[in-house]
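Listed below are the residues making up each chain.
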Amino acid sequence: MLRVVDLSNAPEAGSDLLPGVVVGVGSAGDLARSQSWLDAVTFTLSEDHCADRRVVTVESVPAAVSELRTRCERWPHASSVCDDVLRAVPPDAATLAGVVTESLAYSTLQAGPEFARWLAERGQAAMPEIAGPVLAERDGDTLRIRFNRPHRHNAFSTDARAALLEALTVAQLDPSVTAIVLSGNGPSFCSGGDLAEFGSFADPASAHLARTRHSPALVLDALTARLGRSCRAEVHGRVLGSGLEMAAFCGWIEAREDSVFGLPELSLGLIPGAGGTVSVTRRIGRWRTAYLVLSGRTIGANTALDWGLVDAIDVGTQRIAQ
């Protein structure tokens, strides 16, 4: 039978739902006999290879459980809120509903003790001024948009968000744009939010309104609905946090072999806040999304392709696709 490990004081046995982080562990045989539990738990760990998106294959189940327990004990609020959000919004729900739910949860955590502790440990940070954080150019009917903060691995800032939103809005309003390519200059596509800027919000409510009223995620989702695979991301290097969340809204993601994917927000006492609980979940399911957030682990291009997080790998003269 599948063994269930409670990492966040779940309620007594017999409850129809299991709020909080509850991880299943078992062999291939256990998984085959425990389909209902695979649905119910946060995710399941196994040392046996399994293509089921509810299962994550790890080298050592005891080591993985120990690591997860340590992280959930250090960030109990963020880990439980992550599980709540991923369970609350089905992948086929309206994008706006998912983004709003995620943002409200994110704002709650911004006002919480775990994020406050991270800010105190980080200390004061200076936000560098970088001109032209996003570059956009028209190439026939294609709009090419490139993140352009290469010395910071294209860490996403408020200025970058505004410039990206402006470029995407132009494409949304111009029917002659029939393709969009999102990429990044320098060693990485996008390493996530610029940590120097975190904590600069006036208050959580204002931060929520800024995220939802000025959301590149919502525009990318609308453009993908219109353009399909012609709204694509070409990623490389670090594809983390908000970088991964935005790319996942595109209709097609092509990754270079050096790409590394992850959702590191838990270590700040937060959850994904750029729409990732919607976009990443649609690609790989809530279970593997939860694993990426709660474990803090990254995966390479081959695993990302196997999971469906990306659609193809560019290996120079050859393209590997699902």
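Note that the coordinates shown come from a computational prediction; the quantities given were computed from them, not determined experimentally.

Engineer: Summarise the overall build of the protein; cite the residues concerned and give the values.
Structural biologist: A count of helical and extended segments in the protein gives 12 helices and 14 strands. Counting only C-alpha atoms and orienting by the principal axes, one finds that the protein spans roughly 60 × 45 × 35 Å. Every one of the 322 residues in the protein was classed for burial, and the buried ones make up 52%. Sequence separation of 24 or more characterises 67% of the internal contacts of the protein that already satisfy a separation of 6 or more. Working note: accessible area of the protein is about 14000 Å², and carbon and sulfur atoms make up 52% of it. Both charge centroids of the protein, one from 29 positive and one from 37 negative side chains, sit 1 Å from each other.

Engineer: Break down the pattern of salt bridges for me, citing the residues and quoting the values.
Structural biologist: Here the idea is simple: oppositely charged side chains can pair when their charged atoms come close. Under the counting rule described, the total for this entry stands at 14 salt bridges. Two residues, Arg-54 and Asp-39, come together in a salt bridge whose shortest N-O distance is 3.1 Å. Taken together, the residues Arg-54 in the loop between strand 3 (43-46) and strand 4 (55-57) and Asp-39 in helix 2 (residues 35-40) connect sequence positions 15 residues apart. Under the relative-accessibility criterion, Arg-54 is labelled buried at 10%. According to the relative accessible area criterion, Asp-39 is partly exposed, its value standing at 41%.

Engineer: Which residues make up the packing of helix 4 (residues 76-88) against helix 11 (residues 276-295), and what are the values?
Structural biologist: With their axes 10 Å apart at the nearest point, helix 4 and helix 11 run at an angle of 150 degrees to one another. Regarding the angle of helix 4 to helix 11, the classification is roughly antiparallel. Every pair of crossing elements has a handedness; the one defined by helix 4 and helix 11 is left-handed. Taking contact as the criterion, the partners of Ser-79, Cys-82, Val-85, Leu-86 and Arg-87 in helix 4 are, on helix 11, Thr-277, Thr-281, Arg-286, Thr-289, Ala-290, Val-293 and Leu-294. Across the contact of helix 4 with helix 11, the residue classes break down as six nonpolar, four polar and two charged.

Engineer: Report on helix 4, specifying residues and quantitative values.
Structural biologist: With 13 residues, helix 4 ought to run about 18 Å at 1.5 Å a step, and its terminal C-alpha atoms sit 18 Å apart, in line with that. Taken together, the buried positions of helix 4 are occupied by Ala-78, Ser-79, Val-81, Cys-82, Asp-83, Val-85 and Leu-86. Considering only its buried residues, helix 4 is in contact with helix 3 (61-74), helix 5 (95-110), helix 6 (113-122) and helix 11.

Engineer: How would you explain the domain arrangement of the protein if you had to name every residue and give the values?
Structural biologist: We note that the domain assignment places domain 1 (3-71) and domain 2 (93-284 + 295-314) within the protein. Its C-alpha centre places domain 1 at a distance of 29 Å from the equivalent point of domain 2. With six residues of domain 1 at the contact, the number on the domain 2 side is 11 residues. In this assembly, domain 1 packs against domain 2 so that about 620 Å² is buried in total across both faces, 41% of it on carbon and sulfur atoms. Counting the contacts that link domain 1 with domain 2 gives one salt bridge. The residue Arg-297 makes a salt bridge to Glu-67 at a minimum N-O spacing of 2.8 Å. At the surface where domain 1 touches domain 2, the tally comes to three residue pairs in polar contact (both at pLDDT 80 or more). Take the side of domain 1 that touches domain 2: its biggest share by element is three residues, from helix 3. When its residues are assigned to classes, the side of domain 1 that touches domain 2 shows two nonpolar, one polar and three charged.

Engineer: Tell me about the pairing of strand 7 (residues 179-184), residues and numbers included.
Structural biologist: Among the six residues of strand 7, six are classified as buried, and the element is accordingly described as predominantly covered. Along strand 7, one buried face is formed by Ala-179, Val-181 and Ser-183 and the opposite face, lined by Ile-180, Leu-182 and Gly-184, is buried too. As paired elements, strand 6 (residues 142-147) and strand 7 share six bridges and run parallel to each other. Bridge assignment links Ile-145 to a residue of strand 7, and that residue is Leu-182. A crossover connection joins strand 6 to the parallel strand 7 through helix 7 (residues 158-173); in handedness this β-α-β unit is right-handed. Two strands pair when backbone bridges link them, and strand 7 and strand 8 (residues 231-235) are joined in this way by three bridges, in the parallel orientation. Residue pairing across strands places Val-181 opposite Arg-232, the latter belonging to strand 8.

Engineer: I'd love a proper account of unusual backbone geometry, names of residues and values included.
Structural biologist: If you check the backbone angles, His-153 has positive phi at about 50 degrees while not being a glycine. With respect to the element layout, His-153 can be found in the loop between strand 6 and helix 7. We note that Asn-154 has phi near 55 degrees; this positive angle belongs to a residue other than glycine. Along the chain, Asn-154 falls in the loop between strand 6 and helix 7.

Cut-offs applied
Residues numbered from 1 in each chain as written. Predicted model: local features only at pLDDT ≥ 70, side-chain atom pairs only at ≥ 80, totals over all residues. Heavy atoms only, no water. Helix = DSSP H or I, 4+ residues; strand = E, 2+ residues; numbered from the N terminus. Buried < 20%, exposed > 50% of the residue type's maximum accessible area, 1.4 Å probe, protein only. Contact = heavy atoms within 4.5 Å. Areas by Shrake-Rupley, 256 points an atom, 1.4 Å probe, with all protein chains shown as cover. Lys, Arg positive; Asp, Glu negative; His and termini not counted. Charge placed at Lys NZ, Arg CZ, Asp CG, Glu CD. Salt bridge = Lys/Arg side-chain N within 4 Å of Asp/Glu carboxyl O. Axes fitted to C-alpha atoms, helices over the stretch in contact; angles between N-to-C directions. Parallel < 35°, antiparallel > 145°, perpendicular 65-115°, else oblique. Left-handed = near helix turned anticlockwise from the far one by under 90°. Nonpolar A, V, L, I, M, F, W, Y, C, P; charged D, E, K, R; others polar. Expected span 1.5 Å × (residues − 1). Domains from an automatic or database assignment. Buried area = accessible area lost by both parts, 1.4 Å probe. Polar contact = N/O pair within 3.5 Å; in protein donor to acceptor, adjacent residues only side chain to side chain. Pairing = 2+ DSSP bridges. Right-handed = clockwise from strand over helix to strand, strands pointing away.

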